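Structure at a glance
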Amino acid sequence: MKRLIYSILLAIAVCFSAHSQELNAVLTINSDRIQGTNKQIFNTLQMALTEFINTRKWTTATFSPNERIDCTFTIIVNTLENNVFSCEIQVQSRRPVYNSTYSTTTFNFRDTEFDFEYTEFEPLEYTENVLNSNLTATIIYYINMVLGFDFNSFSPGGGKEFFQQAMQIVTLAQSNPSWNGWKPFSGNRNRHALATALTENQGDVFHTFWYTYHRKGLDEMAANADRGRANIIAALPDLKTLKDARPMSVLLQIFQDCKLDETVSILSKATLQEKEEEYKLFYGLFPAASSRYEKLKN
């Protein structure tokens, strides 16, 4: 009965607050790797996190229901022992392309360092500038990433405030040495590395590129496909500028995961010379992924 009441209250909360929030998130917890334990805790946590993400106001912007950002949070539980979860998390978000039925990926990131403690029915709390657990700290961090990449795609530097908030979470989380995924120099794809790349001066070229690619490129293509494609082609050298400044930048991986296949598809209507030039550019940027842009040589 307790679980039933809890589920009903969560469903009601999601329903009544759905029209005022920024995110339309689907959160899934995959516990297939866990055997011989009560699976109800995963259902409870899944519902609690869904409510936590979707029913809070995360910005001062006004969103209508159809403007909410579609995103997914997938948590894969590797081990669970004494209420300590060892997990991975994959976060993806999308936004519609202007005047079309097409949605483009704006964020796609896999994080393999996600450990936290959780007791069933434990309230998920958040107070600004206060981190109560690695669970909520990580979720809030990725909410800011989703918001930042989305806002950046609509206005120049529009996501910077959210990236700064993510960096602040990184700083606060480092005061808890037992929390993983936040430490500097422990890898070039953890939360610290991503937030740093997005807030340092060398990241400005990527912010400009992200805006141009979406607003002057994709959003322009419905009205004038050639002009939109030309704007994307003109912006692509910014990625080389980024690599020259930060050869191992995680932002290059963000482009590869989110945009490489899409860009190759856009370039299918480019001239032979343009295709050849972009093949050379991509080979210099992503040599290990050459099979994904091989068609530009044809």
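Anything mentioned here points back to the structure above.
All of the points below concern the structure found in this document. (Residues numbered from 1 in each chain as written. Predicted model: local features only at pLDDT ≥ 70, side-chain atom pairs only at ≥ 80, totals over all residues. Heavy atoms only, no water.)

Section: the overall build of the protein
Of regular secondary structure, the protein possesses 12 helices and 4 strands. In terms of overall size, the protein behaves like a compact globule, its C-alpha atoms giving a radius of gyration of 20 Å where 298 residues would be expected to give roughly 19 Å. The principal-axis extents of the C-alpha atoms in the protein amount to approximately 65 × 40 × 35 Å. Across the 298 residues of the protein, 48% fall into the buried class. In the protein, the share of contacts with a sequence separation of at least 24, taken over all contacts with a separation of at least 6, comes to 67%. Carbon and sulfur atoms make up 51% of the accessible area of the protein, which amounts to about 14,400 Å² in all. Charge centroids of the protein, computed over 28 positive and 32 negative side chains, lie 4 Å from each other. (Helix = DSSP H or I, 4+ residues; strand = E, 2+ residues; numbered from the N terminus. Rg over C-alpha atoms; globule rule 2.2 N^0.38 Å. Buried < 20%, exposed > 50% of the residue type's maximum accessible area, 1.4 Å probe, protein only. Contact = heavy atoms within 4.5 Å. Areas by Shrake-Rupley, 256 points an atom, 1.4 Å probe, with all protein chains shown as cover. Lys, Arg positive; Asp, Glu negative; His and termini not counted. Charge placed at Lys NZ, Arg CZ, Asp CG, Glu CD.)

Digging into the packing of helix α3 (residues 134-152) against helix α4 (residues 160-173)
Contact geometry of α3 with α4 gives a least axis separation of 7 Å together with a crossing angle of 160°. By the angle between their directions, the pair α3 and α4 is classed as roughly antiparallel. In this structure, the crossing between α3 and α4 has a hand that is left-handed. Listed contacts from α4 to A137, I140, Y141, N144, M145, L147, G148, F149, F151 and N152 of α3 are K160, F162, F163, Q165, A166, I169 and V170. For the contact of α3 with α4, a count of residues per class yields 12 nonpolar, 4 polar and 1 charged. (Axes fitted to C-alpha atoms, helices over the stretch in contact; angles between N-to-C directions. Parallel < 35°, antiparallel > 145°, perpendicular 65-115°, else oblique. Left-handed = near helix turned anticlockwise from the far one by under 90°. Nonpolar A, V, L, I, M, F, W, Y, C, P; charged D, E, K, R; others polar.)

Comments concerning the sheet that holds strand β3 (residues 84-96)
The 4 strands are arranged β1-β2-β3-β4 in an open sheet whose pairing can be described as mixed. Of all strands in the sheet, those with a lone pairing partner are β1 (23-30) and β4 (103-117), marking the two edges. Put simply, the sheet's adjacent strands are angled 15° from each other on average, direction ignored. On top of the sheet, helix α2 (residues 40-54) reaches β1, β2 (69-81), β3 and β4; it is set at about 165° to β1, its chief contact. (Pairing = 2+ DSSP bridges.)

Description of the side chain of T50
As for its position among the elements, T50 is in helix α2. Here the side chain of T50 touches Q46 through a polar contact of 2.8 Å, landing on its backbone oxygen. Apart from residues no more than four positions distant in its own chain, T50 is found in contact with A25 and L27. (Polar contact = N/O pair within 3.5 Å; in protein donor to acceptor, adjacent residues only side chain to side chain.)

Examining the environment of E22
Tracing the chain through its elements places E22 in the loop between α1 (2-17) and β1. Sequence separation between E22 and T55 is 33 residues, and the spatial gap between their C-alpha atoms is 8.9 Å. If we ignore the near neighbours within four places in the chain, the residues touching E22 are R56, K57, W58, T59, F63, R68, I69 and L147. Within the local environment of E22, its side chain forms a polar contact with the backbone nitrogen of T59, the two atoms lying 2.6 Å apart.

Structural notes on the packing of helix α8 (residues 237-245) against helix α9 (residues 250-258)
Remark: α8 packs on α9, axes separated minimally by 9 Å, with the N-to-C direction vectors making an angle of 150°. Considered as vectors, α8 and α9 are oriented roughly antiparallel to each other. For the pair α8 and α9, the contacting residues are L239, L242 and K243 in the first and L251, L252 and F255 in the second. Considering only residue class, the contact of α8 with α9 consists of 5 nonpolar, no polar and 1 charged.

Focus on unusual backbone geometry
Here N99, not a glycine, exhibits a phi torsion of approximately 60°, which is positive. Tracing the backbone through its elements, the reader meets N99 in the loop between β3 and β4. Since its relative accessible area comes to 62%, N99 is described here as exposed. The phi torsion at N129 lies on the positive side, around 70°, for a residue other than glycine. Summarising the element assignment, N129 is placed in the loop between β4 and α3.

Some thoughts on α3
Look at α3: 27 Å from first C-alpha to last across 19 residues, which is about the 27 Å you get at 1.5 Å a residue. Along α3, 19 of the 19 residues are buried, which leaves the element largely enclosed by surrounding structure. (Expected span 1.5 Å × (residues − 1).)

Remarks on the nonpolar core
Residues F73, F107, Y141, M145, L194 and F282 are the most contacted members of the largest nonpolar core, which totals 87 residues. Sort the elements by how many residues they give to this core and α3 lands first, with 12 residues. Discounting residues that sit within four places of it in the chain, F73 has contacts with A25, V26, L27, T28, I53, I89, Q90, V91, I139, Y142 and I143. (Core = buried A, V, L, I, M, F, W, Y, C linked by side-chain atoms within 4.5 Å.)

Let's talk about the state of the cysteines
By definition, a disulfide is the covalent link that joins the sulfur atoms of two cysteine residues. Throughout the structure, instances matching the rule amount to 0 disulfides. Summary of cysteine pairing: C87 is not part of a disulfide, and the nearest cysteine sulfur, belonging to C71, is at 18 Å. Considering cysteine sulfurs only, C71 is the nearest to C258, which forms no disulfide, with 13 Å between them. (Disulfide = S-S within 2.5 Å.)

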